[in-house]
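Secondary and tertiary structure notes
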Amino acid sequence: MPLPTQSVYPPPSAEFMKWPSRRSVVHSTKGIVACTQPLAAKCGIDILNAGGNAADAAVAVAAGMNMAEPCSTGIGGDMFCLYYDAATGSVSALNGSGRSGSQYTLERMRKSLGLADGEVGEIPMTSVHAATVPGAAAGWVDTVERFGSGKLSLEQILAPAIELGEKGFPVSEDAAFHWQQSEKALRKASPNFAEMLKADPSAPDGVRAPKAGDIISLPNLARTFRTLAAEGKKGFYSGRIGEEIIKVVQSLGGHLELADLQHHLETGSESVDPISLKFRGQGTGSSGVELWEHPPNGQGIVALMALGILQELETRNQIPTFTPSDHNTASYLHAIIESLRIAFADASWFSYLSSRSTLFSPRTQTPPSSRTAPRLRSSDTVYFAVSDSQGNAISFINSNYAGFGTSIVPSGCGFTLQNRGANFSLAPDHPNVLAPRKRPYHTIIPALATNLADNSLHSVFGVMGGFMQPQGHVQVLLGQLVGRLSPQQALDAPRVCIGAGMADVGDVGG
């Protein structure tokens, strides 16, 4: 039995994540898993070693992340991925986001929230009305079916994560930090909160949030994974799990129905055409890259617009061709900041890079736009990337939206429901206005880049954090192309963030 030594548990006065990380590049001929939790990475490596490909391993990682970091991600949330097929050089996209329920009319929602006439209002993050249909379960199954090797069953792919849940695992420092911050919300959200906490006879109600180094098991989540593995999507969206989702939502006054889950079961994840921009700027020429993003309902178009505006500014001689020594200088950052501000002014309202680039001034800030982007108030997400020995790679992102999402736990299921619906606007003329069976605007976006010269893979990458994500995509990619940084250096390099990045901590408009 593990000993609760002082070397395991950080002292109460310890500052969370005091020092920035500085790591070296990792090389491998057998594939790589990059994620925030080593235990989840091990789930993916196990699948690669068993003969699975990058897509198989990614689903194993997603399940492992749900176990090790449920305060950010889970099967009760949504997912998106971009997949690079080395044999064909093709890039595919899968939209695994859920929709609002059929009863989610603007009129009914405003009445449920008690909003007065003339009051725009918003859906609170902690409200049951913020719960939308979870898309991740279908997304995991569809990822394996559409991109997987065909050599491993879903039972085999989910087995490593199931073992973590049933046998227990040590909680990491970062997961423990956010778990403890969320304990109050979990207790308040639904009567089933104990499923997401650690048993402790000395704690209130006999449970508490785990500390760093604590061993915790999540048997109900493992049970949910076993059902998904044995019965596929049907096992999640109907039967016991589906019924418990609807039961707890309706008991709290929500409007989701079994028919909404059935609709997602029949519809499945959506194979969409990825959007891209060929970047030949900053001296790259024929050695440039094509940046691939998800189309809306995600915000990947913001990254493409910003990169395109930078390319247009260079063509117009409004900015120079920067050298590596210019990386993160004032003029370099000004060009990036203003390009991002213009792109964010609203990706859903403007589409012409040439005309938008005329707003740039080398010496002044872009004037505020009267039309703002669909606003998001928080985002707790996990991004991870997987490659395999055949050269296939997947860029994968999975999220509850904010922390544990709504923190609502369907009885006996071991996961929380996302609160992505809180991002819907209640303004009738807004493009992101709430409507029945509609997907909300998403922050979570995976990225992928290919080389223009031969269509080979350049990289799969991503960052976490609300509105920071497209900003990070642009800066990480340019760090490599302009700054001549290694992938790890590009990730470790300081980055700017327009506004607060998260609207729950400040103005995202800058």
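Described in the following lines is the structure provided in the data block. (Residues numbered from 1 in each chain as written. Predicted model: local features only at pLDDT ≥ 70, side-chain atom pairs only at ≥ 80, totals over all residues. Heavy atoms only, no water.)

**Some words on the overall build of the protein chain**
Within the protein chain, the regular secondary structure consists of 15 helices and 14 strands. For the protein chain, the proportion of its 510 residues judged to be buried stands at 58%. For the protein chain, the proportion of contacts with a sequence separation of at least 24, taken over those separated by at least 6, is 73%. Accessible area of the protein chain: about 20500 Å², with a carbon and sulfur share of 53%. (Helix = DSSP H or I, 4+ residues; strand = E, 2+ residues; numbered from the N terminus. Buried < 20%, exposed > 50% of the residue type's maximum accessible area, 1.4 Å probe, protein only. Contact = heavy atoms within 4.5 Å. Areas by Shrake-Rupley, 256 points an atom, 1.4 Å probe, with all protein chains shown as cover.)

**Details of helix α4 (residues 136–147)**
Spanning 12 residues, α4 covers 16 Å between terminal C-alpha atoms, matching the ideal 16 Å at 1.5 Å per step. All buried positions along α4 are accounted for by Ala136, Ala137, Ala138, Gly139, Trp140, Val141, Asp142, Thr143, Val144 and Phe147. (Expected span 1.5 Å × (residues − 1).)

**Quick notes on the environment of Ala453**
Inspection of the secondary structure assignment puts Ala453 in the loop between β13 (447–451) and β14 (457–461). C-alpha separation for the pair Ala453 and Val289, spaced 164 residues apart in sequence, amounts to 8.1 Å.

**Observations concerning the pairing of strand β12 (residues 393–401)**
Summarising burial for β12: 9 of the 9 residues are buried, a large majority. The alternating pattern of β12 places Ala393, Ser395, Ile397, Ser399 and Tyr401 and Ile394, Phe396, Asn398 and Asn400 on opposite faces, both of which are buried. Two strands pair when backbone bridges link them, and strand β2 (residues 78–85) and β12 are joined in this way by 7 bridges, in the antiparallel orientation. In the sheet register, Phe80 faces β12, and the bridge partner there is Ile397. (Pairing = 2+ DSSP bridges.)

**Let's talk about the side chain of Gln488**
Residue position: Gln488 is located in helix α15 (residues 487–492). Those residues within four positions of Gln488 in sequence are excluded, and the remaining contacts are Arg23, Ser24 and Val25.

**Quick word on the nonpolar core**
Counting 94 residues, the largest nonpolar core has Trp140, Phe225 and Val386 as the members making the most contacts within it. Of all the elements, helix α2 (residues 54–68) adds the most residues to this core, at 11 residues. Once residues within four sequence positions are removed from consideration, Trp140 is found in contact with Val59, Ala62, Ala63, Asn66, Gly74, Ile75, Met79, Phe225, Leu228, Phe396 and Asn398. By size, the runner-up hydrophobic cluster in this structure holds 38 residues, among which are Ala335, Leu340, Ala343 and Val476. (Core = buried A, V, L, I, M, F, W, Y, C linked by side-chain atoms within 4.5 Å.)

**Thoughts on empty space enclosed by the protein**
One pass over the full model with this rule turns up 3 cavities of 30 Å³ or more. Space inside the largest cavity adds up to approximately 60 Å³. If you trace the largest cavity, you find it lined by His327, Asn328, Tyr332, Leu333, Ile336, Gln475, Gly479, Leu485, Ala490, Ala493, Pro494 and Arg495. Of all the secondary-structure elements, those providing two or more residues to the lining of the largest cavity are α12 (330–345) and α14 (468–481). With 3 residues, α12 is the single largest residue contributor to the lining of the largest cavity. Across the lining of the largest cavity, the residue classes tally to 7 nonpolar, 4 polar and 1 charged. Put simply, the second largest cavity is a space of about 50 Å³. Across the lining of the second largest cavity, the residue classes tally to 6 nonpolar, 1 polar and no charged. (1 Å grid on protein atoms, 1.4 Å probe; cavity = no way out; pocket = protein on both sides within 12 Å on 5 of 7 lines; lining within 4 Å. Points joined across faces, edges and corners; volume = space filled by probe spheres on them. Nonpolar A, V, L, I, M, F, W, Y, C, P; charged D, E, K, R; others polar.)

**Considerations on the environment of Ile337**
Position of Ile337 among the secondary structure elements: in helix α12. When the C-alpha positions of Ile337 and Val496 are compared, they lie 7.7 Å apart, and in sequence the two are 159 residues distant. Setting aside its immediate chain neighbours within four residues, Ile337 contacts Val496 and Ile498.

**So, the pattern of salt bridges**
Per the stated rule, a full pass over the model turns up 14 salt bridges. We note a salt bridge from Asp46 to Lys42, for which the minimum N-O separation is 3.0 Å. In this pair, Asp46 and Lys42 are both assigned in helix α1 (residues 38–49), 4 residues apart and thus about one turn of the helix distant. Taking the relative accessible area as the measure of exposure, Asp46 reaches 29% and is therefore partly exposed. For Lys42, a relative accessible area of 49% puts it in the partly exposed group. Between Arg187 and Asp205 there is a salt bridge; the shortest N-O distance is 2.8 Å. Placement of the pair is Arg187 in helix α6 (residues 173–189) and Asp205 in the loop between β5 (198–199) and β6 (207–208), with a sequence separation of 18 residues. Given the relative accessible area of 62%, Asp205 is considered exposed. Each member of the salt-bridge network shares a partner with another, and the members are Asp142, Arg146 and Lys233. (Salt bridge = Lys/Arg side-chain N within 4 Å of Asp/Glu carboxyl O.)

**Some points on the state of the cysteines**
Every disulfide links exactly two cysteines, by a covalent bond between their sulfur atoms. Applying the stated criterion across every chain, the model contains 0 disulfides. We note that Cys35 lacks a disulfide partner, and the nearest cysteine sulfur, in Cys43, lies 8.6 Å from it. (Disulfide = S-S within 2.5 Å.)

Any functional reading would require information that these geometric values do not contain.
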